[in-house]
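Structure at a glance
So you can see what is in the structure, the chains are spelled out below.
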Amino acid sequence: MWGTGAAFTSTLAFNVVQVLQVAGVLRFPADEILIYGTSLCIVVPFILEMLALHHSTPPGKQFWTHASLIFTTIYAVFVSANYVVQLATVIPARLRGLSEATRILEQTPHSLLWDYDALGYVAMGLACLLAVPAINSVGFERWVRRALIAHALVTPLIAIVYFSPTFSNRLLFLGFPWAITAPLFMVMLAIMLRRRQRAIDPL
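Quantities reported herein were computed from a predicted structural model and do not represent experimental measurements.

**Focus: the overall build of the protein chain**
When helices and strands are counted, the protein chain shows eight helices and zero strands. In sequence order, the protein chain lays out its α and β elements as α-α-α-α-α-α-α-α. Here the C-alpha radius of gyration of the protein chain, 18 Å, is about what a compact globule of 203 residues would show, namely 17 Å. Along the first, second and third principal axes, the C-alpha set of the protein chain runs to 55 × 35 × 30 Å. Looking at the 203 residues of the protein chain, the share that counts as buried comes to 41%. Accessible area of the protein chain: about 10200 Å², with a carbon and sulfur share of 70%. Across the protein chain, the 13 positively charged side chains and the 9 negatively charged ones have centroids separated by 11 Å.

Right under this line is the structure:
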């Protein structure tokens, strides 16, 4: 169950780095290494968190968690491809003065890898939405449902940030609610999963 807490921690770290980057505190290459590095650290813990949700859900509701896992996988494939390319190919090339050779791979507004990132985070939002019917609507789980719904509702804002014809830092702030809803649903889900585990195995 370590993945449930790691997903939350990695997301918080990404949020901190994003703020420092926009504020100009971090500059290349540290800003991009930390942005892509912390983003990559979200992937495996998030997969494990949604997998744990699937296995803690009664069979009658596992259709929804299975669907959620499919979109979690879509998220993981797109963003992992992007972040590994940025960290292992693009940034090293830029540091060696060979940016022209890898320019097509850079994550810049409306580039190929930009769209990969966008599709990944849209898929994360859909994964949250599809998980909602598998969560009970009473007690603490009711708040988990609300956290998942809140994150799903932020997804259209993320799509606007990525796919708006003109990108700017001002537009980036439109997606700021993601910085709240993402760690919120992850930590709420982590608490719920631990509660479910304790109900099965009190020891």
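Text resumes after the structure shown.
**Examining the nonpolar core**
If you look at the biggest cluster of nonpolar residues, it comprises 41 residues, and the most contacted ones within it are Tyr75 and Tyr121. Listed by contribution, the elements that provide at least two residues to this core are α1 (2–22), α2 (30–55), α3 (62–95), α5 (112–131), α6 (139–163) and α8 (177–200). Sequence-distant contacts of Tyr121, that is, excluding residues within four places in its chain, are made with Ser39, Tyr75, Val79, Tyr83, Thr155, Ile158, Tyr162 and Trp178.

**What to know about the environment of Gly24**
With respect to the secondary-structure elements, Gly24 resides in the loop between α1 and α2. Here the alpha-carbon distance between Gly24 and Phe163, two residues 139 residues apart in the chain, equals 24 Å.

**Brief notes about α8**
Taking 1.5 Å per residue, 24 residues should reach 34 Å; α8 reaches 35 Å between its end C-alpha atoms and fits that length. Taken together, the buried positions of α8 are occupied by Trp178, Thr181, Ala182, Pro183, Phe185, Met186, Met188, Leu189, Ala190, Met192, Leu193 and Arg196.

**With respect to the layout of surface pockets**
By volume, the largest pocket is sized at about 900 Å³. The wall of the largest pocket is formed by 33 residues, among which Phe14, Gln18, Gln21, Phe167 and Leu172 lie closest to the centre. Of all the secondary-structure elements, those providing two or more residues to the lining of the largest pocket are α1, α2, α3, α5, α6, α7 (169–172) and α8. With six residues, α1 is the single largest residue contributor to the lining of the largest pocket. Here the residues of the lining of the largest pocket sort into 20 nonpolar, nine polar and four charged.

Rules used in this analysis
- Residues numbered from 1 in each chain as written.
- Predicted model: local features only at pLDDT ≥ 70, side-chain atom pairs only at ≥ 80, totals over all residues.
- Heavy atoms only, no water.
- Helix = DSSP H or I, 4+ residues; strand = E, 2+ residues; numbered from the N terminus.
- Rg over C-alpha atoms; globule rule 2.2 N^0.38 Å.
- Buried < 20%, exposed > 50% of the residue type's maximum accessible area, 1.4 Å probe, protein only.
- Areas by Shrake-Rupley, 256 points an atom, 1.4 Å probe, with all protein chains shown as cover.
- Lys, Arg positive; Asp, Glu negative; His and termini not counted.
- Charge placed at Lys NZ, Arg CZ, Asp CG, Glu CD.
- Core = buried A, V, L, I, M, F, W, Y, C linked by side-chain atoms within 4.5 Å.
- Contact = heavy atoms within 4.5 Å.
- Expected span 1.5 Å × (residues − 1).
- 1 Å grid on protein atoms, 1.4 Å probe; cavity = no way out; pocket = protein on both sides within 12 Å on 5 of 7 lines; lining within 4 Å.
- Points joined across faces, edges and corners; volume = space filled by probe spheres on them.
- Nonpolar A, V, L, I, M, F, W, Y, C, P; charged D, E, K, R; others polar.

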